[in-house]
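Each chain, letter by letter, is given below.
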Amino acid sequence: MTQAAAGSELDERVPGRRWIVRLDPVGRGSAEVRVSCGRPACAEQRLPSAAAGRAAAVAHLTAHLRATPAPGADTYCACRADGCRAHLPDTGRNARTEQPWRCGGPVVLAVITDRAGRWWQALECCSRCAAATPGARTAATSHPSAPRTAGRPTPAAAGTGAGTPQFSDQQVTTRTGRPAPLPVPAPRPVPARRRRPPEARIGRRVIPRDLRPASLRDELTELGDLFRAYQKRPEPDLALLADLQERKARAFLTWSDVSCDVTLRLEAQRAEQAAAAIRRQHQHRTGCVPDGDEPGVARLLTVPAQWEYARSVLAHVAGHTPLPGAEARLLVLMLTLRTAHTGTGNLVGQDIDALGLTDPEDMVEQLTGCGWLSLPGTVGDLLASRPENPTPVTVPSLVPDEDGTGPFTFGRKTRPKLSGWAQRVVSDKKLRKAKAPAGARLLAVTLATWTDDVGRLGPGGRGVTLNALTTRVPVGRELRDLIDRLTAADWLTDTALTDTHLTGRLTERVLPLTCPLLN
């Protein structure tokens with residue numbers, strides 16, 4: 001009799017509402033996503049990205065929750081149809097006598113979220129099921145109805161014909177006889193995964209926790225951290241890597257003696273060989289190689305004397321340019337290198353056009369007008385000349401005196417090497433492609449003579465002072481823009497401009513064009 005009454009009561013109750021909001025990709029190769037809702041009146045939305053779709057889905061679900069009334073007193077669990085464990089009777093020795101739908105607690109509107117943020121489900125279920133679901137959040141709670149009496153039906157029963165929901169827990173009543181609201185159980189927290197403390201490693205080897213002596217274990221642990229930090233460096237440092245390999249070889253030899261493991265000794269030998277190879281590679285790269293070996297960086301100017309000659313020409317041009325500005329300084333530099341030995345040389349229009357001057361014809365006319373440059377014809381003839389018919393030019397200030405001395409001490413064979421080096425710098429492929437102005441090309445030539453053996457700016461890589469830099473490159477506030485242009489052209493990297501210094505280094509690509517400073 002009791003079971004029949006309970007069954008009829010269950011049939012008269014209303015199943016809880018449930019719907020789901022999903023976030024799905026639109027298709028392969030597209031970043032768009034679509035947001036769909038299980039409510040019939042909701043249309044599908046398309047968003048340009050997963051972040052925008054996730055925000056739209058959360059806002060859509062929040063709007064539903066605000067507009068949805070609290071669960072009614074005649075509602076039973078929506079998760080009952082899913083085979084929820086709280087609704088099923090025990091099959092063990094102490095079988096429960098409650099009906100499957102009597103799980104306990106008031107009905108709540110709960111929200112369950114996928115950990116990956118791909119769907120959000122709202123459902124009306126009993127508080128016990130909500131508490132048993134990891135990560136469930138309660139949005140609303142049903143109001144408990146008044147207890148039934150034997151002689152008079154409850155208002156809910158009189159108005160709707162449905163009986164009062166009965167749960168396996170006991171109703172708490174106040175002094176007036178009215179039921180007190182039941183507290184909603186808090187959701188069960190998501191169980192945290194227990195993780196073991198990370199093991200110390202060097203390479204693929206695990207360093208035992210009980211390794212003795214402790215100093216050896218500390219050394220191996222530190223080496224493992226240093227190797228991992230080196231792998232994250234943006235640029236290689238071969239000297240540092242060679243030092244690490246040597247330390248690893250010594251540590252692994254000690255580890256092998258302590259543990260009597262032959263494989264550790266073999267790995268120590270490999271580390272020694274790697275350290276020697278890396279050290280030699282660093283020497284070739286920096287030019288510090290034994291006699292008879294070729295340097296790793298094949299520089300265009302091969303000997304230190306030529307590097308000093310290039311710096312002497314730049315210093316002379318900085319003090320003897322008749323016109324202000326970076327364009328005049330660059331043009332005077334290239335003309336000086338063409339005529340440095342005898343004061344005369346050959347020039348074609350392509351040599352002038354490759355300098356990135358704003359108005360080449362006007363600049364050449366200014367140099368001829370002030371008497372610094374002499375031409376046999378007009379400026380137009382010079383700019384129109386071709387390699388098969390070059391124009392002879394003369395710089396009177398560079399013509400040797402009667403005793404044959406001039407402002408420079410290098411010989412006739414060195415001059416074309418210096419001129420070819422400067423031409424290679426100012427006509428660099430990436431500078432031409434970026435249409436770098438004359439100031440950027442003059443800065444590139446200047447910085448190429450102010451590096452150490454690995455391309456770092458300044459003596460010992462400490463940077464170049466701005467006072468010295470502006471005497472060679474006459475620019476003001478546009479210096480930052482010129483540095484950015486050289487960085488974009490893969491000429492400079494790791495630059496930092498302060499009120500007093502410019503630090504950074506030249507890229508690997510342009511190391512053959514550098515003239516390292518001598519210690």
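This text follows the structure it describes.
Note that this is a predicted model, so its numbers are computed, not measured.

Calculation criteria
- Residues numbered from 1 in each chain as written.
- Predicted model: local features only at pLDDT ≥ 70, side-chain atom pairs only at ≥ 80, totals over all residues.
- Heavy atoms only, no water.
- Helix = DSSP H or I, 4+ residues; strand = E, 2+ residues; numbered from the N terminus.
- Contact = heavy atoms within 4.5 Å.
- Areas by Shrake-Rupley, 256 points an atom, 1.4 Å probe, with all protein chains shown as cover.
- Salt bridge = Lys/Arg side-chain N within 4 Å of Asp/Glu carboxyl O.
- Expected span 1.5 Å × (residues − 1).
- Pairing = 2+ DSSP bridges.
- Axes fitted to C-alpha atoms, helices over the stretch in contact; angles between N-to-C directions.
- Patch = residues over 30% accessible without salt bridge, like charges linked within 9 Å, V, L, I, M, F, W, Y side chains within 5 Å.
- Lys, Arg positive; Asp, Glu negative; His and termini not counted.
- Charge placed at Lys NZ, Arg CZ, Asp CG, Glu CD.
- Buried < 20%, exposed > 50% of the residue type's maximum accessible area, 1.4 Å probe, protein only.
- Core = buried A, V, L, I, M, F, W, Y, C linked by side-chain atoms within 4.5 Å.
- Polar contact = N/O pair within 3.5 Å; in protein donor to acceptor, adjacent residues only side chain to side chain.
- Phe/Tyr/Trp six-rings, centres within 6.5 Å; stacked < 30°, edge-to-face > 60°.
- Lys NZ or Arg CZ within 6 Å of the ring centre and 35° of its normal.

(A) Looking closely at the overall build of the chain. Helices and strands together make up the secondary structure of the chain, namely 17 helices and 15 strands. Within the chain, contacts between residues separated by at least 24 positions form 62% of all contacts whose residues are at least 6 apart in sequence. Accessible surface for the chain amounts to roughly 29,300 Å². Of this, 52% is attributable to carbon and sulfur atoms.

(B) Summary view of the pattern of salt bridges. A complete count under the given rule lists 22 salt bridges for this structure. Across the pair R46 and E44 runs a salt bridge, and its minimum N-O distance is 3.9 Å. Taking the shortest distance from any N to any O, the salt bridge between R505 and D494 comes out at 3.5 Å. You can see R505 sitting in strand β15 (residues 501-506) and its partner D494 sitting in strand β14 (residues 492-497), a full 11 residues away along the chain. Each of D428, K430, D490 and R509 takes part in a single network of salt bridges with overlapping partners.

(C) Spatial organisation of helix α6 (residues 238-259). Taking 1.5 Å per residue as the helical rise, α6 with its 22 residues ought to reach 32 Å, and the 31 Å between its terminal C-alpha atoms agrees with that figure. C260 occupies a position one or two residues after α6 and carries a positive phi of about 55°.

(D) Representation of the sheet that holds strand β3 (residues 33-37) in the model. Judged by pairing direction, the sheet is antiparallel, and its 6 strands sit side by side in the order β4-β3-β2-β7-β6-β8 without closing on themselves. Only two strands of the sheet have a single neighbouring strand rather than two, namely β4 (45-47) and β8 (137-141). Across the sheet, the axes of successive neighbouring strands diverge by a mean angle of 20°, strand direction being ignored. For strand β6 (residues 107-113) and β8, the ladder comprises 4 bridges, and the chain directions are antiparallel. Directly across from A110, in β8, lies its bridge partner T138. Set on the sheet, helix α2 (residues 50-67) makes contact with β2 (18-25), β3, β4, β6, β7 (119-126) and β8; between it and β2 the angle comes to about 170°.

(E) Summary view of a negative patch on the surface. Together, D359, E361, D362 and E365 give the surface a local cluster of negative charge. With respect to the secondary-structure elements, D362 resides in helix α11 (residues 360-369). On the basis of relative accessibility, which here comes to 34%, the residue D362 falls in the partly exposed class.

(F) Structural detail: the sheet that holds strand β13 (residues 464-465). The strand order β13-β15-β14 describes an open sheet built from 3 strands, whose pairing is antiparallel. The open sheet is flanked by β13 and β14, the only strands paired with a single partner. Here β14 runs beside β15; their pairing, made up of 4 bridges, is antiparallel. Of the residues in β15, the one forming a bridge with T493 is R505.

(G) View of the nonpolar core. Counting 67 residues, the largest nonpolar core has L331, W421, L443, L447, L469, L486 and W491 as the members making the most contacts within it. Residue contributions to this core peak at 9 residues, all from helix α9 (residues 326-339). Ignoring anything within four residues of it in the chain, the contact list for L443 reads L469, V473, L479, L482, I483 and L486. I202, L211, Y230 and A242 belong to the second largest nonpolar core, which has 19 residues in total.

(H) Focus on the pairing of β3. Across the two faces of β3 the burial differs, with V33, V35 and C37 buried and R34 and S36 not buried at all. Where β2 lies against β3, 5 bridges are found, and the strand directions are antiparallel. Note on β3: the bridge partner recorded for L23 is V35. Direction of pairing for β3 relative to β4: antiparallel, over a ladder of 3 bridges. Paired with R34 across the strands is R46, a residue of β4.

(I) Summary view of the side chain of D114. Within the secondary structure, D114 sits in the loop between β6 and β7. Classification of D114 by relative accessible area gives buried; the value is 12%. At 2.9 Å, the side chain of D114 forms a polar contact with the side chain of R118.

(J) View of the packing of aromatic side chains. If you walk through the whole model with that rule in mind, you get 3 aromatic pairs. For the ring pair F252 and W255, a centre distance of 5.5 Å and an interplane angle of 65° mean the geometry is edge-to-face. Here F252 pairs with W255, and both are found in helix α6, just 3 residues apart, close to one helical turn. Classification of F252 by relative accessible area gives buried; the value is 0%. Ring centres 5.4 Å apart and planes at 25° place the aromatic pair F408 and F410 in the stacked group. Across this residue pair, the class does not change: F408 and F410 are buried. The ring of F227 has K248 sitting right over it, with the charged end atom 5.8 Å from the ring centre.

(K) Main features of the environment of T451. Considering the arrangement of structural elements, one finds T451 in the loop between α15 (438-448) and β13. In this structure the C-alpha to C-alpha distance between T451 and P516, which are 65 residues apart in sequence, comes to 5.2 Å. Setting aside residues up to four positions removed in sequence, T451 forms contacts with R456, L457, G458, L506, T514, C515, P516 and L517.

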